[in-house]
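Okay, here's what each chain looks like letter by letter:
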Amino acid sequence: MLQTIRNAWKIEELRKKIIFTLFVILLYRLGNAVPVPYVNTVMLEDYFTSLQNTVLGLYNTMSGGAFSQATIFALSIQPYINSSIIIQLLTIAIPALERMAKEEGEEGKKKIASITRYSTVGIGLLQGFAYYVLIRNNSLLTETGSGVWAGIVIVMTFTAGSALLMWLGEQITEFGIGNGISIILFASIVSRFPIGVGNLVAQAAAGTINWIAVILMLLGALAIVVLIVVVSQAERRIPVQYSRRVVGRKLYGGQATHLPMKVNMCGVLPVIFAQSIASLPATIAALIGKSDGWFLKLFDSDTVLYAIIYMLLIVFFSYFYATIQFNPIEIANNLKKNGGFIPGYRPGKPTSEFIQKVLNKITLFGAVYLGIIAVTPILISVFSEAARNTGISLGGTSIIIVIGVALETMQVLENQLLMRHYKGFLE
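Residues numbered from 1 in each chain as written. Predicted model: local features only at pLDDT ≥ 70, side-chain atom pairs only at ≥ 80, totals over all residues. Heavy atoms only, no water.

Caption draft 1: Looking closely at the packing of aromatic side chains. Evaluation of the coordinates by the stated rule reveals nine aromatic pairs. Both rings, one in phenylalanine 67 and one in tyrosine 131, keep their centres 4.3 Å apart while their planes meet at 10°; by these two values the pair is stacked. Here the residue phenylalanine 67 occupies a position in the loop between helix H4 (55-62) and helix H5 (78-93), and tyrosine 131 occupies one in helix H7 (residues 105-137), the gap between them amounting to 64 residues. With respect to burial, phenylalanine 67 and tyrosine 131 carry one shared label: buried. (Phe/Tyr/Trp six-rings, centres within 6.5 Å; stacked < 30°, edge-to-face > 60°. Helix = DSSP H or I, 4+ residues; strand = E, 2+ residues; numbered from the N terminus. Buried < 20%, exposed > 50% of the residue type's maximum accessible area, 1.4 Å probe, protein only.)

Structure (structure tokens):
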């Protein structure tokens, strides 16, 4: 990884992209320190201290601590993620949107992206208003923040911050390195790691938890990192043989190759989308002022019900994205047109059925792998009071997202180097 970054830094164009990405991350972190007006941030932070293992604690982790401080980026990229989920599901359900996405080419993709942006602003307004209601119902406003004007300012500031983050993410995607939205989420989670480790060490020093438990947690996190890296790089290779054909006086084909299918081809997206949907019921209950109700406790991030729903949603979104990204019929037709075939299977429908069968198997494996890593810390916190106090239930999701985004970004850098025929990289 370090060698790839050094090689990329030597190329002026890639160096500018890396600097631009870091500059946007810096702007994001600065925005995370700017609170909205009329909110008593000291009381708000104390209030969130008691909610670290709830769904609002998860939101706070995903926003890099901005949610508990009511900064301009408090909503983070959650409105954009929710909007993307809704629009992509509607693209499958509504024929007009499906035609727009598949038949209109680049212009259709631009229209879908525009619809997603407008939906993000709408969802940002709803979530901003809900967050304002939470703050108001718990008497966390300042003395001058009880009026209607103060409420409008707070809601519009939250919404504007969410829209600005969406725009910054798009700028990273276009002019920087990697997927901008994922990079911002990566920066949010990483910024909380030093605080989390510090709290863990402080609890161990105070005798709240055993030092052996701390060491086991750190070793477990390291083992999860190794597992994520290994599975992310694993792939199923389907052998492909090209028949020989004569064109004029030249002989083409005859070589043997393979069709690579990554075990976890969806990357980290199923986890991001699943945590957004799984936390939605409790988020609605909490943001309308029902923070102490049984409904919120039922969907806390350290309950068995939340773990089950979370696991099922990860499996669903894994299959959903595998279906969108990988079309066995199209691949089988392309192989047939180019004179390729899979040994033991006739070109056409038999080939597409075989590819679909393999796709289902590796997607199931990838989904179960993601689910186990995300859900295991939650189950540990359910049965261990000490683990619950450390916020370990949020650890599995955070590690998956951080490692997944890091690997995807490194892959983008390597592809950029490969396209420029960097000699040191190819050797």
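Now that the structure has been shown, the text picks up again.
Caption draft 2: Broad picture of the nonpolar core. In this structure, Met261, Met265, Tyr310, Ile400 and Ile401 are the most contacted members of the largest nonpolar core, which totals 62 residues. Ignoring any residue separated from it by four or fewer positions in sequence, one finds isoleucine 401 in contact with Met62, Leu185, Ile189, Val268, Val271 and Ile272. In this structure, Val36, Ala70, Tyr132 and Phe158 belong to the second largest nonpolar core, which totals 19 residues. (Core = buried A, V, L, I, M, F, W, Y, C linked by side-chain atoms within 4.5 Å. Contact = heavy atoms within 4.5 Å.)

Caption draft 3: Spatial organisation of the confidence of the model for the protein. Here the protein averages 79 in pLDDT, while 84% of its residues score no lower than 70. Taken element by element, the protein is modelled with least confidence in helix H19 (residues 423-426), mean pLDDT 46, and with most confidence in helix H8 (residues 148-175), mean pLDDT 91. Confidence drops under a pLDDT of 50 for residues 422-427, and excluding neighbours within four residues, the segment shows nine contacts in the predicted structure. (pLDDT = per-residue confidence, 0-100.)

Caption draft 4: Fine view of the packing of H7 against H8. Two elements in contact, H7 and H8, have axes whose closest approach is 8 Å; the angle formed by their N-to-C orientations is 140°. As judged from the angle between their axes, H7 and H8 are oblique. Of the two possible hands of crossing, H7 and H8 adopt the one that is right-handed. Contacts between H7 and H8 involve Arg117, Thr120, Val121, Gly124, Leu125, Gly128, Phe129, Tyr131, Tyr132 and Ile135 from the first element and Gly151, Ile154, Val155, Met156, Phe158, Thr159, Ser162, Ala163, Met166 and Glu170 from the second. (Axes fitted to C-alpha atoms, helices over the stretch in contact; angles between N-to-C directions. Parallel < 35°, antiparallel > 145°, perpendicular 65-115°, else oblique. Left-handed = near helix turned anticlockwise from the far one by under 90°.)

Caption draft 5: Representation of the pairing of strand S1 (residues 235-242) in the model. Relative to strand S4 (residues 256-262), S1 is paired through seven bridges, and the arrangement is antiparallel. Within S4, the position partnered with proline 239 by the bridge is histidine 258. (Pairing = 2+ DSSP bridges.)

Caption draft 6: Local environment of the pattern of salt bridges. Per the stated rule, a full pass over the model turns up four salt bridges. As a salt-bridge pair, glutamate 12 and lysine 16 come within 3.5 Å of each other at their nearest N and O atoms. With glutamate 12 and lysine 16 both in helix H2 (residues 12-31) and four residues apart, this pair spans about one turn of that helix. Classification of lysine 16 as exposed rests on a relative accessible area of 54%. A salt bridge links glutamate 235 to arginine 237, with the shortest nitrogen-to-oxygen separation between them at 2.7 Å. (Salt bridge = Lys/Arg side-chain N within 4 Å of Asp/Glu carboxyl O.)

Caption draft 7: Examining empty space enclosed by the protein more closely. Under the defined criterion, the tally for this structure stands at two cavities of 30 Å³ or more. A volume near 50 Å³ is recorded for the largest cavity. Lys262, Val263, Asn264, Met265, Cys266, Ser318, Ile362, Thr363, Gly366 and Ala367 together form the lining of the largest cavity. Examining the composition of the lining of the largest cavity, we find that four residues originate from one element, helix H16 (residues 349-383), more than from any other. Tallied by class, the residues present in the lining of the largest cavity amount to five nonpolar, four polar and one charged. (1 Å grid on protein atoms, 1.4 Å probe; cavity = no way out; pocket = protein on both sides within 12 Å on 5 of 7 lines; lining within 4 Å. Points joined across faces, edges and corners; volume = space filled by probe spheres on them. Nonpolar A, V, L, I, M, F, W, Y, C, P; charged D, E, K, R; others polar.)

Caption draft 8: Highlighting the environment of proline 260. By the element assignment, proline 260 lies in strand S4. The class for proline 260 is partly exposed, based on a relative accessible area of 40%.

Caption draft 9: Structural view of the sheet that holds S1. Within the open sheet, the three strands sit side by side as S4-S1-S5. Their pairing is antiparallel. Single-partner strands in this sheet number two, and they are S4 and strand S5 (340-341).

Caption draft 10: Structural context of H5. Given a rise of 1.5 Å per residue, 16 residues ought to cover 22 Å, and the 23 Å separating the end C-alpha atoms of H5 matches this to within 8%. Among the residues making up H5, those that are buried are Gln78, Pro79, Ile81, Asn82, Ser83, Ser84, Ile85, Ile87 and Thr91. (Expected span 1.5 Å × (residues − 1).)

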